[in-house]
Amino acid sequence: APEPGAHRARDYAALKTAHEAVQTPEASAAPSAPGQSTTRATEPERELPPAREAPAVIYLGPPVDELGQAAAQTVDQAAHVASSVLDGMESMIGKAFDFAADFIAPAPPLSPDQQQRAARAAEEQRAQEEAAREAAEKEARLQELLEQIRRDDAERERQARERGDDEEHGRGHGRGGRSRGRER
């Protein structure tokens, strides 16, 4: 008695072979069924199912050009990293040589004309810093005064609420209120 499910394995092998025969151009040179050794000699040969019954899509991985692009991107990224590292090393070495050169042979002293220009530039810088400091102090005093006004207004409103003096609050006393002469 044949094993249960054995005929399914043979059918699957035949289906797979038929699909491979359709897919490969050398199908005529290849044997028609690699699994022939598993079929019994007493069993008559069956006709292979048509190719339309074979699976329509078999995923074999990304196309070669996508792999090539990924490899190129990886190489580009590695080159960029290596370039950045080398640029950093070049900068450090250059700074070390500059320091050594300045230590061995310092820059020549400034000429009288260069000294005058440097003194004028320093004086202008001090004047600009002083003007900026004064403007910042004025702004700070203004903000402090405005904050004090807000606190005083809030305190007056709180005291008026505590006294229950809502009629006086905002009517002719303080800013923005209406005069009593209009309320007739």
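It should be emphasised that the depicted structure is a prediction, and the values quoted were computed from it without experimental measurement.

## Focus on the overall build of the protein chain
From N to C terminus, the protein chain includes 3 helices and 0 strands. Reading the protein chain from its N terminus to its C terminus gives the helix and strand order α-α-α. For the protein chain, the proportion of its 184 residues judged to be buried stands at 4%. Nonlocal contacts in the protein chain, meaning residues at least 24 apart in sequence, comprise 48% of its contacts between residues at least 6 apart. Carbon and sulfur atoms make up 56% of the accessible area of the protein chain, which amounts to about 16,400 Å² in all.

## Details of the packing of aromatic side chains
Per the counting criterion, the structure on display carries 1 aromatic pair. Geometrically, the ring pair formed by Phe 99 and Phe 103 is stacked, given 6.3 Å between the ring centres and 20 degrees between the ring planes. With Phe 99 and Phe 103 both in helix H2 (residues 64–104) and 4 residues apart, this pair spans about one turn of that helix. The exposure class of Phe 99 is exposed, given its relative accessible area of 60%. For Phe 103, a relative accessible area of 66% gives the class exposed.

## Some details on a nonpolar patch on the surface
A contiguous nonpolar surface patch, about 730 Å² in accessible area, is contributed by Val 81, Val 85, Leu 86, Met 89, Met 92, Ile 93 and Phe 97. Assignment of secondary structure puts Met 92 in helix H2. Given the relative accessible area of 58%, Met 92 is considered exposed.

## Concerning the pattern of salt bridges
Think of it this way: side chains of opposite charge can pair up when their charged atoms draw near. Throughout the structure, instances matching the rule amount to 8 salt bridges. One salt bridge in this structure joins Arg 150 and Glu 147, with 2.9 Å as the shortest N-O distance. In this pair, Arg 150 and Glu 147 are both assigned in helix H3 (residues 112–163), 3 residues apart and thus about one turn of the helix distant. Exposure remark for Glu 147: the relative accessible area of 33% places this residue in the partly exposed category. Between Arg 156 and Asp 153 there is a salt bridge whose closest N-O contact spans 2.8 Å. With Arg 156 and Asp 153 both in helix H3, this residue pair falls 3 residues apart, about one helical turn. For Asp 153, a relative accessible area of 22% gives the class partly exposed.

## Topic: the confidence of the model for the protein chain
When pLDDT is averaged along the protein chain, the result is 76, and 59% of the positions lie at 70 or above. Within the protein chain, H3 carries the highest mean pLDDT (95), whereas helix H1 (residues 6–23) carries the lowest (67).

Here is what the cut-offs are and how they apply
Residues numbered from 1 in each chain as written. Predicted model: local features only at pLDDT ≥ 70, side-chain atom pairs only at ≥ 80, totals over all residues. Heavy atoms only, no water. Helix = DSSP H or I, 4+ residues; strand = E, 2+ residues; numbered from the N terminus. Buried < 20%, exposed > 50% of the residue type's maximum accessible area, 1.4 Å probe, protein only. Contact = heavy atoms within 4.5 Å. Areas by Shrake-Rupley, 256 points an atom, 1.4 Å probe, with all protein chains shown as cover. Phe/Tyr/Trp six-rings, centres within 6.5 Å; stacked < 30°, edge-to-face > 60°. Patch = residues over 30% accessible without salt bridge, like charges linked within 9 Å, V, L, I, M, F, W, Y side chains within 5 Å. Salt bridge = Lys/Arg side-chain N within 4 Å of Asp/Glu carboxyl O. pLDDT = per-residue confidence, 0-100.

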